[in-house]
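# Geometric and topological summary
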Amino acid sequence: MKRLDERTRPAGGIGESPRRPDGTLKVAGEFAYASDMWLDGMLWGATLRSPHPRARIRSLDTAPALAAPGVHAVLTHEDVPGRKMYGLDHTSDRPDQPVLAIGEVRYEGEPVALVAADHPETARRALERIAVDWEVLEPITDARAVAADPERLKVQPRGGITRHQPVRAGDVERAKGTAPVVVTGEYEVGIQDQAFLGPESGLAVPAEDGGVDLYVSTQWLHNDIRQIAPCLGLPEERIRMTLAGVGGAFGGREDLSMQIHAAMLAMRTGRPVKMSYNRYESFFGHVHRHPAWMRYEYGATGDGRLLYADVEIVLDGGAYTSSTGAVVGNAASLGVGPYEIPDIRIDAYGVYTNNPPCGAMRGFGAVQACFAYESMMDRVAAACGIGPLEVRRRNAVSQGSRMATGQVIDSPAPMAELLDRVAAMPMPAARAGDDLRELPGGVSQATRGEGVVRGVGYGIGIKNICFSEGFDDLSTARVRLEVIGGEPAVLVHTAAAEVGQGLVTIQAQIARTELGVEKVTVQPADNRVGDAGSSSASRQSYMTGGAVKAACEAVRDRLLALAGKRLGRDPAELAARGGKIVSRAAGVLAAVEDVLGTDAIEETREYHHRPTTALDPVTGQGASHTQLALCVHRAVVDVDTELGLVKVVELAAVQDVGRILNRQALEGQIHGGTAQGLGLALMEEIQVAGGRIRNPSFTDYLIPTVLDMPPMRLDILEYPDPNAPYGLRGAGEPPTLSSTPAIVAAIRDATGRPLTRVPVRPEHIAGLEG
C-alpha cells in the first residue's frame, strides 16, 4: 500500500479558503433559488392576508373565488386536515399560531385563506373575490403598557407576557446606598428586518403514498417537519423535505411561511403547487427583530469600577410566540455584557401585541441589550472622567469571571487584549479637501463641508453560540468513502441548511482534512439523514462541523480495521505508521482501492455540545450557554451636525474565533455582520403605526449599500475552545452586536447628543427630536 507524505496532502482542508462550489453560479446569476423552481402542470398558490392588525371575522365567503375560471382550490381554516395551530416555540406543547385565521386576526398580514390557480395572476385576482366581513378592533400596540398590565392587555388567551426572566445577583438595594457615581439611561431599538434578497418560496408535490414532497428555502428542515406534520395530519416519515436554493436568511426563515399552505393546496388539488411571495408580501410573511425598550441604572466608584446594575428590558414579540422566549433568555443572561458587576437586578420581558410578529434575527436578544449596556459604559466613563476604553478595561471579564447568571467564563480570549489591539490600530487619515464623495450624504446632498465633525466610538459585545438553556442541541452527519474511477471519493450528507454562510465549503474542508481525500461531494440537504439543527445561533460550523468530523473519524477507524484484516497487520501499527486516512498523523494512504475494492464505508454520527442548564425562573442563575464569543469595534464617523448626515469613515474590528477554518469566509461573516449592525445604527427600521407597517418595500426600508460600507480593518485572534471541534468559536453573530453601539458612540462623540435610540435619524443629530 503506497503512502504519500505531508507534502502531498490534498488542498482545500481546514485553515485554507477553497472556492465555494456555489460561488461561480451565484456570481453569474445561474444559481437556482427556490423562486426559480418549476414543474410541468404545477399550480400557483396565493394567500389572502388580513388588512387589519386586530379584527374579528364575522363571515367569510369563498364561493365567488372558487367560481373564477382557472381556480382549482380555495381553502380556509376549516380545510386544515390536522391540527390547526403550529409554532416555533420549543418549550411549549401548545402552539399558538393558526395555520389560517380562526375567527380573529391578531396582526396585519395574518393569513386568512389560500387559493390555487393555473396562473399567478389568476390566483391573485381570485383573492380579491373572497368576501370577508370584518369587525375591526382597537389594536394593542404599546409593549411597555402590556408589560405593566399584562392581565388587562391580552392579545393572546394565555395572557400578555410570553416570558418574564429575572436575573438576580447580590443585593442591589444595599449597593445603591454605597455608589458615589450613579448614571441612568433609557434606550430604544426599532424593528429591524432580515432583508434577505430571496423572498419566501417553495414547491409542494403530492406523493403516491398520500404524503408530500416539499422543496423549500428554510433554516431547519427537521423542525419544519415537526410543525408541518401534525397540521397536515400526516406522520413525519410521509413528508420529504429538500432544501431549495436559499437567498439569505439571518433568522427570518426559522419560522414557517408557505410550507403548510403549499402542502395543503397540493394535497387538495393532487397537483404540484408553487408559492412565492413578492417583496411587499415578504415583509408580512416573516418575523423581524424584536423592538426593545430598556431602562438601565448603574452605580460605580469614582474611578469607574461598576458596583451594581438595575435593568429592565421589554421586548415586543408581536401576536405569536415564535422564538420570543429564547430572545428574552438571551437578553436577560447577557443584559449587562462582558463586565464584572457584583450586584445585579435584571428583569427581561417578552410581550404579546398586535404589532408585526418578531422572532429570530442575527444576534437575537443580545443585539438590543448590547446597544444599551455599551451606551451605559460610555456614560459611566464620562461621569468618572476616564476614557471609554479604560472604563471597559477596568470592568472587563476574564478567565474565571462569572456572568450575571453565575456562569463561569472558561474560554474566550482575554477581553483586555481585544481592547488593547483595537486601540493600537492606526486611525484613518484626516479628510483632505472638500471632495463631495468623501462628505456625509455624498454628491446628492447639500453639505459642502461646513459643520462636519469627526467622531470616534467603541463597542464590545458578548454573544452566546449554539442553543442554550438545556436544549439538547445536536447535528447528524453521514459520510461515505468509496472508490470511483480508481480514485477515493467522499460523500458527505447532512440536513444542515446552506443559507449563504459557506457551510457546504466547511463540510468539504473537514472531510479533506480528516480523510486526506481530495474528491469530496456534499450532498444536497434533505431529511433522509438525521436532524442537523438550525442554521442559526452561529452553530453550524460547531455542530454540523463536529458531526462531519466524528463521522469521518468513524470511517477512518473502519478503514483501518479493514486494512489490518486484509493485510494481516495490527491496526494500531498501521495507525502508528501514519496515513491521514487511518490516523490523525500527517500523510495519506493512497491506493485506497487496494483496501476497499468495490466496497464502500459509510458511517453516521450525531454530535452534541456540552450540556447547558435552564435559567432559574426566579434568580436567573444557571450555566445556560454552550460557548461565548467576543467582538470589539471601533467606529470613525464624519457628521454634518447641521443637516444630521453621517458618513462612516472606517470600522475596525477585533474578534476571537477560536480557530480560523476558512479565512475568506470568516472575514465575509465579520464584514456582513458589521454591515447589518451599521444598518441598525443608521437606517434600518420597519416603521409601524397603530400596528400597521408603513414601509414594506426596499424603496422605503433602507439597507446599507456598497456606498455606505466603509473600509474595515480586521484583527482576528485564535484562542481555541477546548470543548469545540478544532477549537473553533462561532463567528457570524458577534460583529452585529458591537458595530451598532460603536457607530452611535462615534456620532455622540462628534455631536454631544445623547442619542438613546437606533436607528439614529437626522433630526436626532440636528437636535430637532430626542
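Whatever comes next refers back to the structure up there.
Calculation criteria
- Residues numbered from 1 in each chain as written.
- Predicted model: local features only at pLDDT ≥ 70, side-chain atom pairs only at ≥ 80, totals over all residues.
- Heavy atoms only, no water.
- Helix = DSSP H or I, 4+ residues; strand = E, 2+ residues; numbered from the N terminus.
- Rg over C-alpha atoms; globule rule 2.2 N^0.38 Å.
- Buried < 20%, exposed > 50% of the residue type's maximum accessible area, 1.4 Å probe, protein only.
- Areas by Shrake-Rupley, 256 points an atom, 1.4 Å probe, with all protein chains shown as cover.
- Lys, Arg positive; Asp, Glu negative; His and termini not counted.
- Charge placed at Lys NZ, Arg CZ, Asp CG, Glu CD.
- Core = buried A, V, L, I, M, F, W, Y, C linked by side-chain atoms within 4.5 Å.
- Contact = heavy atoms within 4.5 Å.
- 1 Å grid on protein atoms, 1.4 Å probe; cavity = no way out; pocket = protein on both sides within 12 Å on 5 of 7 lines; lining within 4 Å.
- Points joined across faces, edges and corners; volume = space filled by probe spheres on them.
- Nonpolar A, V, L, I, M, F, W, Y, C, P; charged D, E, K, R; others polar.
- Polar contact = N/O pair within 3.5 Å; in protein donor to acceptor, adjacent residues only side chain to side chain.

## Considerations on the overall build of the protein chain
Counting its regular elements, the protein chain contains 19 helices and 30 strands. Taking 2.2 N^0.38 as the reference for a compact globule, 770 residues should give roughly 27 Å; the C-alpha atoms of the protein chain span a radius of gyration of 27 Å, in line with that estimate. Along the first, second and third principal axes, the C-alpha atoms of the protein chain reach 80 × 70 × 55 Å. A burial count over the protein chain gives 61% of its 770 residues as buried. Just so you have it, the protein chain exposes about 28200 Å², and 50% of that area is on carbon and sulfur atoms. Distance from the positive charge centre (79 side chains) to the negative charge centre (96 side chains) of the protein chain: 2 Å.

## Let's talk about the nonpolar core
Counting residues in each nonpolar core, the largest one holds 93 residues, and the members touching the most others are Tyr296, Tyr298, Ile313, Val336 and Ile743. Considering each element in turn, this core owes the most residues, 12 residues, to helix H10 (residues 366-384). Each residue touching Ile313, except ones within four places of it in the same chain, is listed here: Trp293, Met294, Tyr296, Ala331, Asp347, Ala348, Tyr349 and Ala369. By size, the runner-up hydrophobic cluster in this structure holds 44 residues, among which are Met264, Leu265, Ala496 and Val499.

## Focus: the layout of surface pockets
The space that makes up the second largest pocket amounts to roughly 1200 Å³. Residue lining of the second largest pocket: 43 residues in total, with Gly441, Val646, Leu682, Met683 and Asp708 positioned closest to the centre. Listing elements by their share of the lining of the second largest pocket, those giving two or more residues are strand S26 (645-656), helix H17 (663-682) and helix H19 (762-765). No other element matches S26, which puts five residues into the lining of the second largest pocket. Partitioning the lining of the second largest pocket into residue classes produces 24 nonpolar, eight polar and 11 charged.

## Things to note about the environment of Glu208
Relative to the assigned elements, Glu208 resides in the loop between strand S12 (201-206) and strand S13 (212-216). Residue Glu208 is classed as exposed on the basis of its relative accessible area of 89%. Note: C-alpha distance between Glu208 and Met425 (217 residues apart in sequence) is 63 Å.

## With respect to empty space enclosed by the protein
On inspection of all chains with the given rule, the structure shows seven cavities of 30 Å³ or more. Empty space within the largest cavity amounts to approximately 250 Å³. Residue lining of the largest cavity: 23 residues in total, with Gln97, Leu256, Ser257, Gly285 and His286 positioned closest to the centre. Of the residues assigned to the lining of the largest cavity, the class counts are nine nonpolar, 10 polar and four charged.

## Remarks on the side chain of Arg49
Checked against the element boundaries, Arg49 lands in strand S2 (residues 43-49). Within polar-contact distance, the side chain of Arg49 engages the side chain of Tyr277 at 3.0 Å. Of the polar contacts made by the side chain of Arg49, one reaches the side chain of Glu281; its length is 2.8 Å. In this structure, Arg49 is in contact with Gly109, Glu110, Pro111, Val112, Tyr277, Glu281, Phe284 and Gly285, ignoring residues within four places of it in sequence.

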